[in-house]
Amino acid sequence: MSAPEEKRLPLAGIRVVEFTHMVMGPTCGMVLADLGAEVIKVEPIEGDRTRQLLGAGAGFFPMFNRNKKSIALDLRHAQGLEAALRLCAGADVVAQNFKPGTMGKYGLDYAALRRLNPRLVYVNHTGFLPGPYEHRTALDEVVQMMGGLAYMTGRPGDPLRAGTSVNDIMGGMFGAIGAMAALMQRGQTGEGQEVHSALFENNVFLVGQHMLQYAITGQAAAPMPERISAWALYDVFTVKDGEQIFLAAVSDAQWQSFCDALGFDDLKADPALRTNNDRVRLRPSLLADLRARLASRPAAELSALFEARGLPFAPIVRPEDLYADPHLLATGGLADIRLPDGERAGQTAQTTLFPITLGGERLGVRLDPPTLGQHTRELLAGLGYDEAQMQALLDDAAVA
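This write-up is about the structure you can find in this document. Everything numeric here is computed off the predicted structure, so don't read it as measured data.

### Overview of the overall build of the chain
For step 1, the next point in the chain: Counting secondary structure elements, the chain contains 18 helices and 13 strands.
For step 2, the next point in the chain: Once the C-alpha set of the chain is aligned to its principal axes, its extents read approximately 85 × 60 × 45 Å.
For step 3, the next point in the chain: Expressed as a percentage of the 400 residues in the chain, the buried residues total 42%.
For step 4, the next point in the chain: When the accessible surface of the chain is totalled, it reaches about 20900 Å², and 56% of it is carbon and sulfur.
For step 5, the next point in the chain: Charge separation in the chain, taken as the distance between the mean sites of 37 positive and 46 negative side-chain charges, equals 3 Å.

### Section: the environment of P223
For step 1, the next point in the chain: With respect to the helices and strands, the residue P223 is situated in the loop between helix 10 (208-217) and strand 7 (233-238).
For step 2, the next point in the chain: A C-alpha to C-alpha distance of 6.2 Å links P223 and R155, two positions 68 residues apart in sequence.
For step 3, the next point in the chain: Once you skip the residues sitting within four places of it in the chain, P223 turns out to touch Y151, M152, G154 and P156.

### Focus on the sheet that holds strand 4 (residues 93-96)
For step 1, the next point in the chain: Here 6 strands make up an open sheet; going across it, the order is 3-2-1-4-5-6 and the pairing parallel. Every interior strand has two partners, whereas the edge strands, strand 3 (68-72) and strand 6 (194-198), have only one. Taken pair by pair, the neighbouring strands of this sheet meet at an average axis angle of 20°, ignoring direction.
For step 2, the next point in the chain: With 5 bridges connecting them, strand 2 (residues 38-43) and strand 3 associate as parallel partners. By the bridge assignment for strand 3, E43 is matched with A72.
For step 3, the next point in the chain: Set on the sheet, helix 3 (residues 78-89) makes contact with strand 1 (15-19), strand 2, strand 3 and strand 4; between it and strand 1 the angle comes to about 140°.

### Focus on the sheet that holds strand 8 (residues 244-249)
For step 1, the next point in the chain: Taken in spatial order, the 3 strands line up as 7-8-9 in an open sheet, and their pairing is antiparallel. Either end of the sheet is taken by a strand with one partner, and the two such strands are strand 7 and strand 9 (313-315). Along the sheet, successive strands turn relative to each other by an average axial angle of 10°, direction set aside.
For step 2, the next point in the chain: Pairing analysis gives 3 bridges linking strand 8 to strand 9, with the strands arranged antiparallel. Residue pairing for strand 9: L247 is matched across the bridge by F313.
For step 3, the next point in the chain: Here helix 15 (residues 299-308) sits on the sheet and contacts strand 8 and strand 9; the angle it forms with strand 8, its principal contact strand, is near 25°.

### Considerations on the environment of R119
For step 1, the next point in the chain: Mapped onto the secondary structure, R119 falls in the loop between helix 5 (110-116) and strand 5 (121-126).
For step 2, the next point in the chain: Through-space distance from the C-alpha of R119 to that of G190 is 6.4 Å; in sequence the pair is 71 residues apart.
For step 3, the next point in the chain: Each residue touching R119, except ones within four places of it in the same chain, is listed here: D92, R186, G190, E191 and G192.

Definitions and limits used
- Residues numbered from 1 in each chain as written.
- Predicted model: local features only at pLDDT ≥ 70, side-chain atom pairs only at ≥ 80, totals over all residues.
- Heavy atoms only, no water.
- Helix = DSSP H or I, 4+ residues; strand = E, 2+ residues; numbered from the N terminus.
- Buried < 20%, exposed > 50% of the residue type's maximum accessible area, 1.4 Å probe, protein only.
- Areas by Shrake-Rupley, 256 points an atom, 1.4 Å probe, with all protein chains shown as cover.
- Lys, Arg positive; Asp, Glu negative; His and termini not counted.
- Charge placed at Lys NZ, Arg CZ, Asp CG, Glu CD.
- Contact = heavy atoms within 4.5 Å.
- Pairing = 2+ DSSP bridges.
- Axes fitted to C-alpha atoms, helices over the stretch in contact; angles between N-to-C directions.

In structure tokens, the structure reads:
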């Protein structure tokens, strides 16, 4: 009996060459790779410096570089640059996220590469779209501060960045969306094009709902911790043993169900709390009462009561707790990867998968995050290099 045929992924047959580091550019490549593209990560001979980050950056490389191949080239030497140009000449997509002017210095910018490959889709990941700010150095935290997101996340007078690299990750996703759109258009026109994705504009898109609130109502959006809630029961409660849980009731029917679940017949019968707007007007005193009533209830008990009645709730969870999340485990939301670098190189850890299904299936890990230059010989051979040429290029890089 023959083995079942592996499902063909949507971007199978597409070759992507990425000159990227950190998070934004690698996210774009990861999305395309997860969707089936052959993604070739061009690294300097000393390796992407992201491989060696500590602390909050320790997860960057293994998270955003799965399903890719690595080739180590020294672009400062003619042989290394020639190999990079050959890769780009046969690529469908080139993605980069270095500072403006870097790729042009090597003749690897879009203007140069389109002469070699008119069908090329070239994705720039930058801090800002072309304009007055484009010369500035941007980081996720920089654009969160200047783009209103940190203001909205923190308390008044205490701007606070979001708890993950939201702009870097979403900027890479928008880059991938642009690449796929350009590939579709290439199917109609036969020509490639340049795509730009930028951190600042990504951030402005994220806060656009707050901008429109002001445009429509004339009322400036308050930072989220100080916002005037549209619902009375919509908050975090500290309960038994200091555990915390978010509880909500966003309709009159849900409020009645909440009162029934907790045995709060007096609150349910109180005419001053009959409608949502009534409860919002009394929110400070109502919340104080509810906090006192719920303080001795275990979070697990509240979760069970809310789940049984279809009420919104969420225990406050730390990222490390998600490794034991029953839903993620049951639905295959985590996958094993082999770590390529650091003290745990060669060991296995679990990573999160792209949050979609295609045909009912998650997009899995086909290739572990590569070790530095892991696929150099394979890729050079595919470009037509013979053994002597490959060895000369590798020797040249070794003494650089």
